[in-house]
Amino acid sequence: MEIQITFDANDPPSLAAFWAEALGYRLQPPPEGFDSWEAWEDAQGIPEEKRSNWSAIVDPAEGRPRFYFQRVPEGKTAKNRVHLDVNVGGPSDTPLEERRKLVEAEVGRLVALGAVEVRTAEENGEYWTVMTDPEGNEFCLQ
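Residues numbered from 1 in each chain as written. Predicted model: local features only at pLDDT ≥ 70, side-chain atom pairs only at ≥ 80, totals over all residues. Heavy atoms only, no water.

Two faces belong to every sheet, and in a regular strand the side chains alternate between them. Of all five residues in strand β3 (residues 54–58), four are buried; the element is thus mostly enclosed. Looking at chain direction, strand β2 (residues 26–27) and β3 are connected through two bridges and run antiparallel. Within β3, the position partnered with R26 by the bridge is V58. Note: β3 against strand β4 (residues 66–71), four bridges, orientation antiparallel. If you follow I57 over to β4, its bridge partner there is F67. (Buried < 20%, exposed > 50% of the residue type's maximum accessible area, 1.4 Å probe, protein only. Helix = DSSP H or I, 4+ residues; strand = E, 2+ residues; numbered from the N terminus. Pairing = 2+ DSSP bridges.)

What follows is the structure in structure tokens.
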């Protein structure tokens, strides 16, 4: 069984580009026989106003799920009911001080890409930072 994670978005190509950089993914290449998504859209007869309504990213190693970004007319209005936890602090036996440094370094990298740092927490020997992506979707770095 395979799963796909889907994000509603105002700007699917931009949000996909952010998450590709954040997760070490790549933009999904066009189908075989096409040198670009534009060529594929031309072949499918997709009208200009409906182009860029979606984007997708894939794991280069093919072991993690595909992410799909779809344009929706409304903006984000409430807290996510589901969010991603991105584990950047090393294995569970990594000392807390080292995990903290790894998380803080990743916070800086993602802020430079357009994420926003919301708050940091440390409880029960765990350390994480709550962030939002460029469209306001919450996620945690731990």
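All right, on to the side chain of T94 then. Residue placement: T94 occurs in the loop between β5 (84–86) and α3 (96–113). Aside from chain neighbours lying at most four places away, what touches T94 is G89 and R99. (Contact = heavy atoms within 4.5 Å.)

Time to look at helix α1 (residues 12–23). End to end, α1 covers 16 Å across twelve residues, agreeing with the expected 16 Å (1.5 Å per residue, within 8%). Here α1 has its buried residues at P12, L15, A16, F18, W19, A20, A22 and L23. (Expected span 1.5 Å × (residues − 1).)

Before going further, it helps to spend a moment on the packing of α1 against α3. Orientation of α1 relative to α3, taken along the N-to-C sense of each, is 160 degrees, at an axis distance of 10 Å. As judged from the angle between their axes, α1 and α3 are roughly antiparallel. The element α1 and its partner α3 pack so that their crossing is right-handed. Here F18, E21 and A22 of α1 come into contact with α3, specifically with E106, R109, L110 and L113. Class assignment for the residues of the contact of α1 with α3 results in four nonpolar, no polar and three charged. (Axes fitted to C-alpha atoms, helices over the stretch in contact; angles between N-to-C directions. Parallel < 35°, antiparallel > 145°, perpendicular 65-115°, else oblique. Left-handed = near helix turned anticlockwise from the far one by under 90°. Nonpolar A, V, L, I, M, F, W, Y, C, P; charged D, E, K, R; others polar.)

Counting residues in each nonpolar core, the largest one holds 23 residues, and the members touching the most others are W19, I57, F67, F69, F139 and L141. If you list the elements that add at least two residues to this core, you get β1 (4–9), α1, β4, β5, α3, β7 (126–132) and β8 (138–141). In this structure, F67 is in contact with I5, F7, L23, Y25, S55, A56, I57 and L84, ignoring residues within four places of it in sequence. (Core = buried A, V, L, I, M, F, W, Y, C linked by side-chain atoms within 4.5 Å.)

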